[in-house]
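Overview (structure and organization)
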Amino acid sequence: LWGSQFWNSTETWYTNDPDFTPCFEQTALVWTPCAFYWLFVIFDFYYLKASLDRNIPWNKLNVTKALVNLGLLVITALDLIMGLVKKGGDSGLPRYDLDVWGPIIKFATFLLLFMFIPLNRKYGVQTTGCQFLFWFLLTVLSIPRCRTEVRLNADRQKILDSAQPSEQDFSWEEYQFVSFFIFFTFSSIMLILNCFADGMPRQTKYQRGENEIPELSASFLSRITYQWFDSMALKGYRNPLEEKDLWDLRPQDSCSEVMPIFAHHWNQKVRKNYKGRARVEPKAQFSNGHVTFENPHGEKNGRKKGMASIMPPIYKSFGGVFLFGALMKLFTDVLTFAQPQVLSLIISFVEAHETDPQPEWKGILYAVLLFVLAAAQTFILGQYFHRMFIVGLRIRTALINAIYRKALRISNSTKKESTVGEIVNLMAVDAQRFMELTTYLNMIWSAPLQIGLALYFLWQQLGPSVLAGLAVMIILIPVNGVIASRIKTYQIRQMKYKDERVKLMNEVLSGIKVLKLYAWEPSFEKQV
């Protein structure tokens, strides 16, 4: 059906000269990047929708991408035609399903990638991670077939050198050799081109000045390695950083972008807690430095049903980025426990070297795999914390804005229920706690997962002895609970003291003239 055996462990693993079967090289190693891109192409569509910029001019980079991608479409279409009419010499060669379906799958993927080149230009997307990872996987996974094709071509040349000149016709194998290396060359060029970001958009929602953060125009490779931050680190190494050295905030993280989204979901949540809902959908817009909210108290005849929770609006406003970060955390945890397993394979390889020596290439494979896993974990963990800090920053921005707006609009009777200190603490302390909590919130599910995986692998190494460590953890749970309860009590007491101190400071500042005239500074200082 496919022209050869899909997997042969004798040829691939239990040998001193490993090699994949031709079927595996032309199916699994090619279709895996294609399946990856079709699975995650939704992120490319999301970036198009979420982009705040428009109209990137045609330049050398995107024109070269279009031409090289077009070349891949042509060579893939030619592979499909040659597969349909495959013949060699006077006798026809059998046509396998792989000769047809392989080019069709590649052609469909390249066509989708080709469509995104003008779309990214139109919607101002300068770089995309899905496309970079696709070309990276396709290029790396094509390397084994390079070795196979070079070997087969060398053997074929030996046969042709001993054959008669009339028998040296252009064969199907020679076409596959030439076609594959043109395909591999174009794929490598596309990988190099995707290491760079496209040009600056002509139309931007917010003015992009000279002091803009370089992350906006950085390529995907620069973002995952944080190469765009090198200039700031170098400047801070040479001289102390000042406020003028800092970059502008990203537009996506500014209050003008964060607050309307949060206000929209908050208005919806508030309306559900009141009867007599308004017919018009809640709206929140940012214009001239002001956020326009729907009346949170509903209609005049509305009756309050209950207090509105702040969490559902936060979930709906920032849950997407948080869930993507949680997925990264899951990958990081898995990679954390994959490294000891590879290290165990290296130890077994070294121990068996004297009694039952294994091929040297296996030890090299284990060492390279250990490095790749550690590097991948580092990259993903860095991106995880980066996204969690961004989510925390956006939550803090939305809460401070909402609290400040509410503090300016509450009635005099309501002001008596809350002190100035409480309002200041809500903006300064409680909103900051949300930001700090977001980074480690995933530990609710990540910690049990890590403990479970650690116990499972330790049981395989130590057996029942691992139960001693488990018993210590179980004993410490109530101890930690008592400590956490005491900390909570002290924090509540401390917050009350902070409220009283801020209220007292407000009275001191508002009545500073009287305080000075009566020389009450020492007394009030002692109270503060």
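What counts, and where the lines are drawn
Residues numbered from 1 in each chain as written. Predicted model: local features only at pLDDT ≥ 70, side-chain atom pairs only at ≥ 80, totals over all residues. Heavy atoms only, no water. Helix = DSSP H or I, 4+ residues; strand = E, 2+ residues; numbered from the N terminus. Buried < 20%, exposed > 50% of the residue type's maximum accessible area, 1.4 Å probe, protein only. Areas by Shrake-Rupley, 256 points an atom, 1.4 Å probe, with all protein chains shown as cover. Axes fitted to C-alpha atoms, helices over the stretch in contact; angles between N-to-C directions. Parallel < 35°, antiparallel > 145°, perpendicular 65-115°, else oblique. Left-handed = near helix turned anticlockwise from the far one by under 90°. Nonpolar A, V, L, I, M, F, W, Y, C, P; charged D, E, K, R; others polar. Phe/Tyr/Trp six-rings, centres within 6.5 Å; stacked < 30°, edge-to-face > 60°. Contact = heavy atoms within 4.5 Å. pLDDT = per-residue confidence, 0-100. Core = buried A, V, L, I, M, F, W, Y, C linked by side-chain atoms within 4.5 Å. Salt bridge = Lys/Arg side-chain N within 4 Å of Asp/Glu carboxyl O. Polar contact = N/O pair within 3.5 Å; in protein donor to acceptor, adjacent residues only side chain to side chain.

1. Topic: the overall build of the protein
For the protein, the helix and strand inventory stands at 19 helices and six strands. Taking all 528 residues of the protein together, 34% fall into the buried category. Accessible surface for the protein amounts to roughly 32,600 Å². Of this, 64% is attributable to carbon and sulfur atoms.

2. As for the packing of helix 12 (residues 311-355) against helix 13 (residues 360-409)
Packing of helix 12 against helix 13 leaves a shortest axis separation of 8 Å and a crossing angle of 160°. With respect to helix 13, the element helix 12 is oriented roughly antiparallel. Two packed elements cross with a definite hand, and for helix 12 against helix 13 that hand is left-handed. Of the residues contributing to the contact of helix 12 with helix 13, the split by class is 29 nonpolar, seven polar and five charged.

3. Some thoughts on the packing of aromatic side chains
The tally for this structure, following the rule as stated, stands at 32 aromatic pairs. A centroid spacing of 5.1 Å and a plane angle of 65° characterise the contact between tyrosine 384 and phenylalanine 385, whose relative ring orientation is edge-to-face. Under the relative-accessibility criterion, tyrosine 384 is labelled buried at 2%. Residue phenylalanine 385 is classed as partly exposed on the basis of its relative accessible area of 27%. Between phenylalanine 385 and tyrosine 440, the aromatic rings sit 6.4 Å apart at their centres with planes inclined by 65°, giving edge-to-face as the arrangement. Remark: tyrosine 440 occurs in helix 15 (residues 420-440) and phenylalanine 385 occurs in helix 13; sequence separation between them is 55 residues. An aromatic cluster is present here, built from Tyr37, Phe110, Phe134, Trp135, Phe177, Phe180, Phe181, Phe183 and Phe184 joined pairwise through their rings.

4. A short note on the environment of alanine 197
Relative to the helices and strands, alanine 197 is located in the loop between helix 8 (172-193) and strand 4 (203-204). Sequence spacing of alanine 197 and alanine 218 is 21 residues, and the spatial spacing of their C-alpha atoms is 6.0 Å. Those residues in contact with alanine 197 that lie beyond four places of it in its chain are Leu61, Gln126, Ser217, Ala218 and Ser219.

5. Some details on the environment of lysine 49
By the secondary structure assignment, lysine 49 is in helix 3 (residues 28-50). Separated by 76 residues in sequence, lysine 49 and valine 125 have C-alpha atoms that sit 9.9 Å apart.

6. What about the confidence of the model for the protein?
Per-residue confidence for the protein gives a mean pLDDT of 84; residues scoring 70 or more make up 88%. Within the protein, the lowest mean pLDDT, 48, falls on strand 2 (residues 87-88), and the highest, 94, falls on helix 6 (residues 129-141). Note on residues 276-284: pLDDT under 50 across the span, and 24 contacts to partners over four residues away in sequence or across chains.

7. Examining the nonpolar core
With 28 residues, the main nonpolar core has Tyr37, Leu72, Phe110, Phe134 and Trp135 as its most contacted residues. Those elements that place two or more of their residues in this core are helix 3, helix 4 (60-84), helix 5 (97-123), helix 6, helix 8 and helix 9 (220-225). For this core, the element with the highest residue contribution is helix 8, accounting for six residues. Membership of the second largest hydrophobic core comes to 10 residues, among which are Val258, Phe262, Ile314 and Ala431.

8. Quick word on the packing of helix 12 against helix 16 (residues 443-462)
Where helix 12 contacts helix 16, the two axes come as close as 10 Å, and the packing angle between them is 15°. Regarding the angle of helix 12 to helix 16, the classification is roughly parallel. In the crossing of helix 12 with helix 16, the sense of the turn from one axis to the other is right-handed. Between helix 12 and helix 16, the residues in contact are Ala326, Lys329, Leu330, Asp333, Phe337, Gln341 and Ser344 and Met443, Trp445, Ser446, Leu449, Gln450, Leu453, Ala454, Phe457 and Gln461, respectively. The residue makeup of the contact of helix 12 with helix 16, split by class, is nine nonpolar, five polar and two charged.

9. Overview of the pattern of salt bridges
Counted under the stated rule, the structure contains 11 salt bridges. Residues glutamate 215 and arginine 250 are paired through a salt bridge, measuring 4.0 Å at the closest nitrogen-oxygen approach. Taken together, the residues glutamate 215 in the loop between strand 4 and helix 9 and arginine 250 in the loop between helix 10 (230-238) and helix 11 (255-272) connect sequence positions 35 residues apart. Under the relative-accessibility criterion, glutamate 215 is labelled buried at 8%. Among the residues examined, arginine 250 registers a relative accessible area of 15% and is labelled buried. With a shortest N-O distance of 3.3 Å, glutamate 521 and lysine 516 are connected by a salt bridge. Its relative accessible area of 51% is what places lysine 516 among the exposed residues. One network of salt bridges, in which partners are shared, links Asp17, Asp19, Arg147 and Arg151.

10. Here's the deal with the side chain of asparagine 62
With respect to the element layout, asparagine 62 can be found in helix 4. Residue classification places asparagine 62 among the buried residues on the basis of a relative accessible area of 1%. Polar contacts involving the side chain of asparagine 62 include one to the main-chain carbonyl oxygen of proline 57, which spans 3.2 Å. Filtering out sequence-adjacent residues up to four positions away, asparagine 62 remains in contact with Ile56, Pro57, Ile117, Arg121 and Asp198.

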